[in-house]
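Structural features, examined
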Amino acid sequence: MEDGKTTAFAGGASQRSRSVESFKVMDVLERANELQSQGRDVLHCEVGQPESGAPATVAAAAVEALTGPPRQVMGYTDAFGLLQLRENIRQHYLKKYDGLSSEDIDTSRIVVTTGSSGGFLLTFTACFDTGDTVAIASSGYPCYRNILGALGCELANVGINNEFKITATELKEEIERRREMGEKSIKGLILSSPSNPTGSMLTPDELKGLCQLCDEESIRFISDEIYHGISYGKEEATALAYSKNAIVINSFSKYYSMSGWRLGWMVIPKDLIDPINCLQQNMFINAPTISQTAALKCWDKETIAELEKHVEKYRASRSIILDELSAFSELDPANIAPADGGFYVYVDLGENNVAPGLGSVAMCKALLEEENVAFTPGNDFEDPSGNLGDRRFRISYAGGIETAKRAMERFYKFWPTWMERVQAAR
Ligand SMILES: Cc1ncc(COP(=O)(O)O)c(C=O)c1O
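Keep in mind the model is a prediction, meaning the values are calculated, not measured.

In a soluble, globular protein the nonpolar side chains are often hidden away together inside. Tyr-93, Leu-189, Phe-221, Phe-252, Leu-325, Phe-375 and Phe-411 are the most contacted members of the largest nonpolar core, which has 94 residues in total. Per-element tally for this core: the top contributor is helix α13 (residues 401-425), with nine residues. Taken domain by domain, this core gets at least three of its residues from each of domain 1 (15-53 + 303-425) and domain 2 (56-298). Residues contacting Leu-189, with those up to four places away along its chain left out, are Val-134, Ala-135, Ile-166, Leu-171, Leu-210, Cys-214, Ile-219, Arg-220, Phe-221 and Ile-222. By size, the runner-up hydrophobic cluster in this structure holds 26 residues, among which are Val-111, Phe-120, Ile-247 and Leu-279.

Here Pro-69 and Pro-70 are connected by a cis peptide whose omega angle stands at -10 degrees. Inspection of the secondary structure puts Pro-70 in the loop between α3 (56-67) and α4 (83-96). Notably, Ser-257 is not glycine yet its phi reads approximately 60 degrees, a positive angle. Look at Ser-257 and you get buried, because its relative accessible area is 4%. The backbone of Ala-339 sits at a positive phi, close to 50 degrees, despite the residue not being glycine. Take Ala-339: it is sitting in the loop between α11 (301-325) and β9 (344-348). Its relative accessible area of 0% is what places Ala-339 among the buried residues.

What follows deals with the domain arrangement of the protein. The extent of an interface is frequently quoted as the accessible surface area lost upon association of the parts. On domain assignment, one finds that the protein holds domain 1 (15-53 + 303-425) and domain 2 (56-298). On the side of domain 2, 39 residues touch domain 1, which itself brings 40 residues to the contact. Between domain 1 and domain 2 lies a buried interface of about 3,200 Å² when both sides are counted; carbon and sulfur atoms form 54% of it. Looking at the side of domain 1 facing domain 2, the largest losses of area belong to Thr-303, Asp-340 and Phe-381, adding up to 18% of the total buried there. The interface formed by domain 1 and domain 2 includes one salt bridge. Across the pair Lys-234 and Asp-340 runs a salt bridge whose closest N-O atoms are separated by 3.2 Å.

Here we take up the pairing of strand β6 (residues 220-224). Regular strands place side chains that alternate from one sheet face to the opposite one. Most of β6 is tucked away: five of the five residues are buried. Burial of the side chains of β6 extends over both faces: Arg-220, Ile-222 and Asp-224 are buried on one face and Phe-221 and Ser-223 on the other. Relative to β6, strand β5 (residues 186-192) runs parallel, the two being bridged by five bridges. Residue pairing for β6: Leu-191 is matched across the bridge by Ser-223. Between the parallel elements β5 and β6, the chain passes through helix α8 (residues 204-216) in a crossover that is right-handed.

Rules and cut-offs
Residues numbered from 1 in each chain as written. Predicted model: local features only at pLDDT ≥ 70, side-chain atom pairs only at ≥ 80, totals over all residues. Heavy atoms only, no water. Core = buried A, V, L, I, M, F, W, Y, C linked by side-chain atoms within 4.5 Å. Buried < 20%, exposed > 50% of the residue type's maximum accessible area, 1.4 Å probe, protein only. Helix = DSSP H or I, 4+ residues; strand = E, 2+ residues; numbered from the N terminus. Domains from an automatic or database assignment. Contact = heavy atoms within 4.5 Å. Buried area = accessible area lost by both parts, 1.4 Å probe. Salt bridge = Lys/Arg side-chain N within 4 Å of Asp/Glu carboxyl O. Pairing = 2+ DSSP bridges. Right-handed = clockwise from strand over helix to strand, strands pointing away.

And the structure:
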C-alpha cells in the first residue's frame, strides 16, 4: 500500500486450503537445500526423484520439436492427449502384462494427465462427493490424504499388515468394523503397489483379491502403479487385469525419469470417460504438449535400454542400504519394510528406540543438522491420529549409489550418539 500499511483482507484463504497439511518431505527438502546453499555437503535421501534426466531420445525429440524444421506449434491437444501417445501406452500394456486382451485396454479409455497428481484430482473429483469416505493405506503416499481432504472427503485409514501392505483381509476388516459401528460405508480405495513409502508389492493374487472385494462392495479401486518398472524380482501386476471398474494411474515421473515434465496417464472405466473428459477440459485442458510429444519416444528400444540401467543403479543402492541397516543391532529386521519395488526403504524404529520427544521426527532433524543427511520422517505417511509417524522414517535411494553409500556411513556414525540420547531420556 502507498502509506506502507497493510490491512487484513477479510476474505482470507479458504477453510479447505487451511485444513490441508504440507507435504512434509518438501519441508525437509527446503531445509536441506538451505544447508546446502550454506556450503554444507548435504546428501539427499529425502525426495523420491531420479537423479537422472529424461532419456536421451526423449530430450532429443523435445529439442527437435521445438527447433524444427518444422518448428512444431505446441498448441493444445485433445483433452485426453495425443492419439499416438495413447496408442503407445496401449501397446505397452499389451506387451508388459499377462492376461490383458485388446478389449481390456482400448485407447478411448486412456487419458494422458499432468503427472499422476493431475490424475488424482480428476479421479477423485469424478468419483467422489463431499463427505464420501475413501480408504487409504497407513502407511501411504501423503498426497492422497491431503488432496482428498481438500475435496472434503473423509478418510478410512487402513493399517498395513506385518508385510507392510493392505490386502482384501485388512480392507474387509475395516468394512465390517464400519458396518458394526454404523459408520459410513467406504466409496473408494487408493493405494500404490509398489508402495511409497514401504516398497512393498501386492502379489498378483492379492491384487486380484482386492479388486474382487472392491467390485463386490461397490468400492471404486484406484490403483496407483507409478513405480511399475522399478522392482527387484517380484511380479508386477496391473489392476486392469482383474477389474473393469478399477482406475489405473501411472506416470512418466519415476521409471521414465521425467518428473518435472509433468506427465502421467490413467486407464479409466468406460462409465467415467465422459465425466473425466469434461473435468480435464475444464481443469487442465490437456497435459503439457511438449512432454507428450517427446514421450512418444519412451518405449523405443534405446530408451528402454537407458532406463533399465537406472533400475540396476537403484538395485545396487537398495542393497547397500539394506546391508548397512542389518548392522544396526537395535533395529528389528521385521521392522524394516521389504523394499520390493520403487526406491525407498521404510524403517520402524520400534518402541524401544524412541523416547518422549526423541522419535523419528527429531532423529531426522538431528541427522540433517549434524551429519547433513536428509531422510524423511514417517509423519508424512502415517495416520495423524496414531504415533507411528514419529517412529518410522523413509530413506530414498533415488539419488544414486554414491549418495546411498555415503549417507549410510554417516548414519552409522550418528546412530550410537542418537541411541545414547534416547536411552538417557527413557
Ligand atoms: C505413490 C506416488 N504416487 C504419485 C506421485 C506423484 O507423482 P507425479 O510426479 O506423477 O505427479 C508420487 C510422487 O512421489 C508417488 O510416490
